[in-house]
Amino acid sequence: IREPELFSLDLDVLVTVRAEHPNVHLMIPFVRTRWELAECLRLLDAHPLGADRGLKRWIMAEVPSVAYWLPEYARLGNDGVSIGSNDLTQLILGTDRDSEVCKDLFDTMDPAVLDAIDTIIDRATAAGLTTSLCGQAVSLYPELAEHLVRRGITSVSVTPDVAERTRHHVAVAERAIMLDAARR
């Protein structure tokens, strides 16, 4: 929103790409405040891409404030939320995973991070938004995959090199949930 001309150029590119690949949609990164998102969506609606009713509008949940604004973000016309687990972990714990000084403090399985993820999933689901998580943690921690599946996340996104392992973690989690349900 600070450089609307550049944003318009990005949207021009997305129009061109969607002409050949209509399954490509818009994801707005690093959403911090309601007014910022509202202005971004206003700029989108003023662009020809804004009239594309097939375009899905998603936001990234990397900043903890997203958890508190999800009902309002849904009312603004968003379709989904993708939890950026790496940035969310860094911002909740105040650490940098790439820093030699404090990288040992970076832990996506920290209860504060898991609580934020749960809050985002719960509030997004209640607001009618699709939920996803991207980041390496789900491929590293089978217990996170099970946790996310139990919370009702719609999907997870990982890099191709860990996709098979992640599919396995999710399948194991889904089987465990079905077994638990069958035992009740």
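Right above here is the structure, for reference.
Here is a short report on the structure shown in this document.

1. What to know about the overall build of the chain
A count of helical and extended segments in the chain gives eight helices and five strands. For a compact globule of 184 residues, the expected C-alpha radius of gyration is about 16 Å, and the chain comes in at 18 Å, within 12% of that figure. Seen along its three principal axes, the alpha-carbon backbone of the chain occupies a region of about 50 × 45 × 30 Å. Split into buried and exposed, the 184 residues of the chain put 40% on the buried side. Considering only residue pairs separated by 6 or more positions, the chain has 62% of its internal contacts joining residues 24 or more positions apart.

2. Quick notes on a nonpolar patch on the surface
A surface patch of nonpolar side chains, amounting to about 190 Å² of accessible area, comprises Val 13, Val 17 and Val 24. As for its position among the elements, Val 24 is in the loop between helix 1 (4–20) and strand 1 (26–28).

3. A short note on the packing of aromatic side chains
Per the stated rule, a full pass over the model turns up one aromatic pair. Seen from their ring centres, Trp 69 and Tyr 73 are 6.4 Å apart, and the 15° between their planes marks the pair as stacked. Highlighted residues: Trp 69 and Tyr 73, both in helix 3 (residues 66–75), separated by four residues, approximately one helical turn.

4. Some details on unusual backbone geometry
Leaving glycine out, the prevailing phi sign among residues is negative, and the prevailing peptide bond configuration is trans. Backbone geometry at Phe 30 places phi at a positive 50°, although glycine is not the residue there. With respect to the helices and strands, Phe 30 occurs in the loop between strand 1 and helix 2 (34–46). By relative accessible area, which is 34% here, Phe 30 ends up partly exposed.

5. Brief notes about helix 1
The first and last C-alpha atoms of helix 1 sit 25 Å apart over 17 residues, in line with the 24 Å expected at 1.5 Å per residue. Those residues of helix 1 not exposed but buried are Phe 7, Leu 11, Leu 14 and Arg 18. Around the axis of helix 1, the buried residues are gathered within 55° of arc, so they sit on the same side. Residues of helix 1 that are exposed and point over 90 degrees away from its buried face: Glu 5, Val 13, Thr 16, Ala 19 and Glu 20. Summarising the contacts, the buried residues of helix 1 are in contact with strand 1 and helix 2.

6. A few points about the packing of helix 5 (residues 111–126) against helix 7 (residues 142–151)
Two elements in contact, helix 5 and helix 7, have axes whose closest approach is 10 Å; the angle formed by their N-to-C orientations is 30°. In terms of their interaxial angle, helix 5 and helix 7 are classed as roughly parallel. When you trace helix 5 past helix 7, the crossing you get is right-handed. Residue-level contacts link Leu 114, Ile 117, Asp 118, Ile 121 and Asp 122 of helix 5 to Leu 144, His 147, Leu 148 and Arg 151 of helix 7. Here the residues of the contact of helix 5 with helix 7 are counted per class, giving five nonpolar, one polar and three charged.

7. Description of the pattern of salt bridges
Pairing of side chains with opposite charge becomes possible as their charged atoms draw close. If you walk through the whole model with that rule in mind, you get 13 salt bridges. A salt bridge links Arg 151 to Asp 118, with the shortest nitrogen-to-oxygen separation between them at 3.7 Å. Of this pair, Arg 151 sits in helix 7 while Asp 118 sits in helix 5, and the two are 33 residues apart along the sequence. With a relative accessible area of 31%, Arg 151 lands in the partly exposed category. Note that Glu 146 and Arg 150 form a salt bridge whose closest N and O atoms lie 2.9 Å from each other. With Glu 146 and Arg 150 both in helix 7 and four residues apart, this pair spans about one turn of that helix. Taken together, the shared-partner salt bridges in this structure form one network comprising Glu 146, Arg 150, Asp 180 and Arg 183.

Rules of the game
Residues numbered from 1 in each chain as written. Predicted model: local features only at pLDDT ≥ 70, side-chain atom pairs only at ≥ 80, totals over all residues. Heavy atoms only, no water. Helix = DSSP H or I, 4+ residues; strand = E, 2+ residues; numbered from the N terminus. Rg over C-alpha atoms; globule rule 2.2 N^0.38 Å. Buried < 20%, exposed > 50% of the residue type's maximum accessible area, 1.4 Å probe, protein only. Contact = heavy atoms within 4.5 Å. Patch = residues over 30% accessible without salt bridge, like charges linked within 9 Å, V, L, I, M, F, W, Y side chains within 5 Å. Areas by Shrake-Rupley, 256 points an atom, 1.4 Å probe, with all protein chains shown as cover. Salt bridge = Lys/Arg side-chain N within 4 Å of Asp/Glu carboxyl O. Phe/Tyr/Trp six-rings, centres within 6.5 Å; stacked < 30°, edge-to-face > 60°. Expected span 1.5 Å × (residues − 1). Arc of directions from axis to C-beta. Axes fitted to C-alpha atoms, helices over the stretch in contact; angles between N-to-C directions. Parallel < 35°, antiparallel > 145°, perpendicular 65-115°, else oblique. Left-handed = near helix turned anticlockwise from the far one by under 90°. Nonpolar A, V, L, I, M, F, W, Y, C, P; charged D, E, K, R; others polar.

Everything listed is a geometric property; what it means functionally is a separate question.
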